[in-house]
Amino acid sequence: MTTTVDFQILMTKDNHSSAMANAAIDSAIDEIKRVTQVFSEWEPGSEISAINKAAGVKAIEVSPEVFRLIAEALRISELSDGKFDITFKSAGKLWDFRAQTIPDAATLQSAVMAINYQHIILDEEKQTVFLTKAETQIGLGGIAKGYAIDRAVQIIRNSGFDVFYINAGGDLYASSGGVSKNSTKDSTKRWKVGIQHPDETESLIALLPVANGAIATSGDYERYFEKGGIRYHHIIDPDTGYPADMSRSVTVLTSRAYLADALATAVFVLGPEKGITLIENMPETEVLIIDKRGQIVSTLPHLSP
């Protein structure tokens, strides 16, 4: 994860000190680095790499942590009709956004045949993961960053701090201690989280109050290039292998960062209509969508410009 991570901690107790806060942040950073190593398909020695290398050949025994996150990724795939799919890597690896190259259409179409979360077989008793197709590859970039934030949150809390936020490139968790998520009395204690305008980096399209919750945003302005008047970005539609084109930006607010991370991707690919339906069927989850025309569609009752 090459993302800059920002920590802010409010010292609310007499026994808190800047040294304690810095030590907590150092421990959280170490945990983020560990999670990155564990879940990176780019690390040759990671369990994810081992799963990919054994695709179509054999099942790989993994740690409980890896098994749980892959199982959760598959659950979200089911909920989103496969629009969130960690096997997108099969086609996603063909895109090079630094070199600004568009994959050959025939090659991309062939790679799409390998994209299907149902090609992932989990054995809970043996704690194994098996990719049934040799061409299928997995990448957990759409959920592991959120999981890393969740782990960092636990570290900060275990260090005795209740009011803080952790922001990793737009995916964040804001903790307000004992403030009730549904409380209006303590609403002033909520963090204010700005949602960036897709075309104006210095402008905010909305300001969301957040207490003890996670926010993740997926946008077509994060990693992209333009050719022939078309914007090619990194959020791939598993059904086509090409960038999804029904949304400009999707922000999800929910209880856990890994869930917000994955759902933001799912809704971005689903588009506003199906995306709203998905979120409305999930407890304690809200969404703000900027569609391809720049219009806002949201489940949130009140928005601050």
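Predicted, not measured: the structure shown is a model, and the values here were computed from it.

Enquirer: Give a detailed account of the packing of helix 1 (residues 18-39) against helix 6 (residues 141-158), specifying residues and quantitative values.
Expert: It is at 9 Å that the axes of helix 1 and helix 6 come closest, and there the two elements cross at 150°. On the basis of the axis angle, helix 1 is roughly antiparallel to helix 6. Like other packed secondary-structure pairs, helix 1 and helix 6 cross with a definite hand, here right-handed. Here helix 1 contributes Ala24, Ile25, Ser27, Ala28, Glu31, Ile32, Arg34, Val35 and Phe39 to the contact with helix 6, which in turn contributes Ala144, Tyr147, Ala148, Arg151, Ala152, Ile155 and Ile156. Partitioned by chemical class, the residues of the contact of helix 1 with helix 6 number 12 nonpolar, one polar and three charged.

Enquirer: So, the pairing of strand 4 (residues 128-131): which residues are in play, and what are the values?
Expert: In terms of strand pairing, strand 2 (residues 60-61) meets strand 4 through two bridges, oriented antiparallel. Bridge assignment links Glu61 to a residue of strand 4, and that residue is Thr128. Bridging between strand 3 (residues 120-123) and strand 4 involves four bridges; their strand directions are antiparallel. Of the residues in strand 4, the one forming a bridge with Ile121 is Phe130. Connecting the antiparallel pair strand 3 and strand 4 is a turn made up of four residues, with Gln127 showing a positive phi of about 55°.

Enquirer: So what's going on with the side chain of Thr128? Residues and values would help.
Expert: If you trace the backbone, Thr128 turns up in strand 4. Under the relative-accessibility criterion, Thr128 is labelled buried at 12%. Sequence-distant contacts of Thr128, defined by excluding residues within four places in its chain, comprise Ala59, Ile60, Glu61, Phe67, Ile121, Leu122 and Asp123.

Enquirer: Any details on helix 8 (residues 272-280)? Residues and values, ideally.
Expert: Inspection of helix 8 places Pro272, Gly275, Ile276, Leu278 and Ile279 among the buried residues, and these make up the whole buried set. The buried residues of helix 8 occupy an angular sector of 160° when the element is viewed end-on, so they sit on one face. Those residues of helix 8 that are exposed and angled more than 90 degrees off the buried face are Glu273, Lys274 and Glu280. Looking at the packing, one finds that the buried side of helix 8 touches helix 3 (64-79), strand 12 (247-254), helix 7 (257-270), strand 13 (286-291) and strand 14 (296-298).

Enquirer: Describe the side chain of Ser77, naming the residues involved and giving the relevant values.
Expert: For Ser77, the position within the fold is in helix 3. Aside from chain neighbours lying at most four places away, what touches Ser77 is Gly82, Phe84, Asp85 and Tyr117.

Enquirer: Give a description of the packing of helix 1 against helix 3 that names residues and reports values.
Expert: At a closest axis distance of 11 Å, the pairing of helix 1 and helix 3 adopts a crossing angle of 75°. Put simply, helix 1 runs roughly perpendicular to helix 3. Within the contact between the two elements, helix 1 uses Arg34, Val38 and Phe39 and helix 3 uses Glu65, Val66 and Leu69. Counted by class, the contact of helix 1 with helix 3 contains four nonpolar, no polar and two charged residues.

Enquirer: Describe the confidence of the model for the protein, listing the residues and the values that go with them.
Expert: When the pLDDT values of the protein are averaged, the result is 92; 94% of them are 70 or greater. Below a pLDDT of 50 lies the segment residues 179-188, which in the model reaches 10 contacts outside its immediate sequence neighbourhood of four places, other chains included.

Enquirer: Can you break down the sheet that holds strand 3 residue by residue, with the values?
Expert: The strand order across the open sheet formed by three strands is 2-4-3, and the pairing between neighbours is antiparallel. The sheet is open, and its two borders are formed by strand 2 and strand 3, each paired with just one other strand. Of the strands in this sheet, strand 3 and strand 4 touch helix 3, which is tilted by about 130° from strand 3.

What counts as what
- Residues numbered from 1 in each chain as written.
- Predicted model: local features only at pLDDT ≥ 70, side-chain atom pairs only at ≥ 80, totals over all residues.
- Heavy atoms only, no water.
- Axes fitted to C-alpha atoms, helices over the stretch in contact; angles between N-to-C directions.
- Helix = DSSP H or I, 4+ residues; strand = E, 2+ residues; numbered from the N terminus.
- Parallel < 35°, antiparallel > 145°, perpendicular 65-115°, else oblique.
- Left-handed = near helix turned anticlockwise from the far one by under 90°.
- Contact = heavy atoms within 4.5 Å.
- Nonpolar A, V, L, I, M, F, W, Y, C, P; charged D, E, K, R; others polar.
- Pairing = 2+ DSSP bridges.
- Buried < 20%, exposed > 50% of the residue type's maximum accessible area, 1.4 Å probe, protein only.
- Arc of directions from axis to C-beta.
- pLDDT = per-residue confidence, 0-100.

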